[in-house]
Amino acid sequence: MQKTAVRLADGRELIYYDSRRDAVRDAVDRRPLEPTATTSEIRLDPLLGDRVAIASHRQGRTYHPPADQCPLCPSRPGRPSEIPAADYEVVVFENRFPSLVGDGGRCEVVCFTAEHDASFADLTPRQAALVLAAWTDRTAELAQLPAIEQVFCFENRGAEIGVTLGHPHGQIYGYPFATPRTEAMLRSLAAHRERTGGRNLFDDVLADERADGRRIVLDGEHWLAFVPYAAHWPYEVHLYPKSRVPDLRALDEAARAEFPAVYLELLRRFDRIFGDAEPPTPYVAGWHQAPFRAADRDRFALHLELFTVRRTAGKLKFLAGSESGMSVFINDVPPEAAAQRLREVAST
């Protein structure tokens, strides 16, 4: 992999990731951009202990532009974009409308491909491997920033999720704190260790799922994908490396080599859940990594969570009173039935 860092016209960092080591990345961003102005601040909810990012400048971010004005496509004569080059493989750059900035964190955009009408599921295994390498590299780089405590690499896909740019892309958030969801996992991890005389909760969850078998979606040599026993979403899959590691940096070469085929198969199954008549399945996919300075980081298990907000053909799962008001999810699809459906739509 070749990595080339440049600066955009307003000073933001942009990094090209290329599979070829002789790629030349010398295009210059000549747009007349003013320096990025942000109003982001992090406030603490005194009742829940949650941190909330207040970022009013994001009201002016780009919203569903026409395809010929997409800011994530390569630049063309007379139509410069966020990517100065005329073509690219994978690109990461600082978000022009970040939710987190400076000592309050960092937000980056990851463009998976230059093809505007593609999706992650359309990538080749080689392309998916390059995205994994970029995620890993950004995790390693952001780990060096004193303000960053946890890195979250994720993709939102579909207007139903709230995506405002149709180009296949994801984001990377560097949080200056451990997120509430991760803190809850760490508390459960510590409680399980105390209760069981030192056993690891993540190891036991994987062992229980394999012993039960009904919720297994895909069982590879180095990866295991399953619908969790208490899935929150109608179709939700958790993907774990079988050798427990705390974050992407620690994956071994065997797991890295198998990941593209496993992940692409999962995404393609998601697109087939509801039949060909439905538009592409909207989803959220994100890597859960251990906070850099957590006491139990070596006991944490890296994993990817993938879920859709569509509960059946033509119907969405809305987070209404119980979910939004009290954080108590009500799932309309039994996890065992969801797993069975995801096995039925396997590639032949």
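Okay, so let's go over this structure. This one's a predicted model, so the numbers in the text were calculated from it and none came from an experiment.

Criteria and cut-off values
Residues numbered from 1 in each chain as written. Predicted model: local features only at pLDDT ≥ 70, side-chain atom pairs only at ≥ 80, totals over all residues. Heavy atoms only, no water. Phe/Tyr/Trp six-rings, centres within 6.5 Å; stacked < 30°, edge-to-face > 60°. Helix = DSSP H or I, 4+ residues; strand = E, 2+ residues; numbered from the N terminus. Buried < 20%, exposed > 50% of the residue type's maximum accessible area, 1.4 Å probe, protein only. Pairing = 2+ DSSP bridges. Axes fitted to C-alpha atoms, helices over the stretch in contact; angles between N-to-C directions. Contact = heavy atoms within 4.5 Å. Expected span 1.5 Å × (residues − 1). Bend = angle between axes of the 7 residues up to and from the residue. Polar contact = N/O pair within 3.5 Å; in protein donor to acceptor, adjacent residues only side chain to side chain. Lys, Arg positive; Asp, Glu negative; His and termini not counted. Salt bridge = Lys/Arg side-chain N within 4 Å of Asp/Glu carboxyl O.

Regarding the packing of aromatic side chains
Here is step 1: On inspection of all chains with the given rule, the structure shows 19 aromatic pairs.
Here is step 2: Arranged with centres 5.4 Å apart and planes meeting at 55°, the rings of W223 and F259 form a pair that is tilted. Within this pair, whereas W223 is found in strand β10 (residues 223-226), its partner F259 is found in helix α4 (residues 253-272), the two being separated by 36 residues in sequence. Each of the two residues, W223 as well as F259, counts as buried.
Here is step 3: By the ring-pair criterion, three or more aromatic residues cluster together here, those being F112, F120, W135, W223, F259, Y263 and W287.

So, the sheet that holds strand β11 (residues 235-241)
Here is step 1: If you trace the eleven strands from one edge of the open sheet to the other, you get β1-β2-β5-β6-β8-β7-β12-β13-β11-β10-β9, paired in antiparallel fashion. Edge positions in the open sheet fall to β1 (2-7) and β9 (216-219), since each of these has one partner strand only. Strand-to-strand twist across the sheet, computed as the mean angle between neighbouring axes with direction ignored, equals 20°.
Here is step 2: Contacting β1, β2 (13-18), β5 (90-94), β6 (106-111), β7 (150-157), β8 (169-175) and β12 (283-288), helix α1 (residues 125-142) runs over the sheet at an angle of about 140° to β2.
Here is step 3: The sheet strands contacting helix α3 (residues 201-212) are β9, β10, β11 and β13 (303-308), and the helix crosses β10 at an angle near 70°.

Quick word on α4
Here is step 1: Between the first and last C-alpha of α4 there are 30 Å, a value that for 20 residues agrees with the 28 Å anticipated at 1.5 Å per step.
Here is step 2: At F259, α4 shows its largest bend, some 40°, and a proline, P260, comes one to four positions later.
Here is step 3: Measuring from the backbone nitrogen of A254 back to the side-chain oxygen at the start of α4 gives 3.3 Å, which picks out D252 as the cap.

Points about the side chain of R256
Here is step 1: For R256, the position within the fold is in helix α4.
Here is step 2: Here R256 occupies a buried position and makes no salt bridge, while the nearest side chain of opposite charge, E253, is found at 4.1 Å.
Here is step 3: Here the side chain of R256 touches L248 through a polar contact of 2.6 Å, landing on its backbone oxygen.
Here is step 4: In contact with R256, other than residues within four places in its own chain, are L132, T136, L248, R249 and L251.

Regarding the pairing of β9
Here is step 1: Both β9 and β10 contribute to a ladder of three bridges, which runs antiparallel. Paired with L218 across the strands is A225, a residue of β10.
Here is step 2: Hairpin geometry of β9 and β10 is characterised by an intervening segment of three residues between the two adjacent antiparallel strands.

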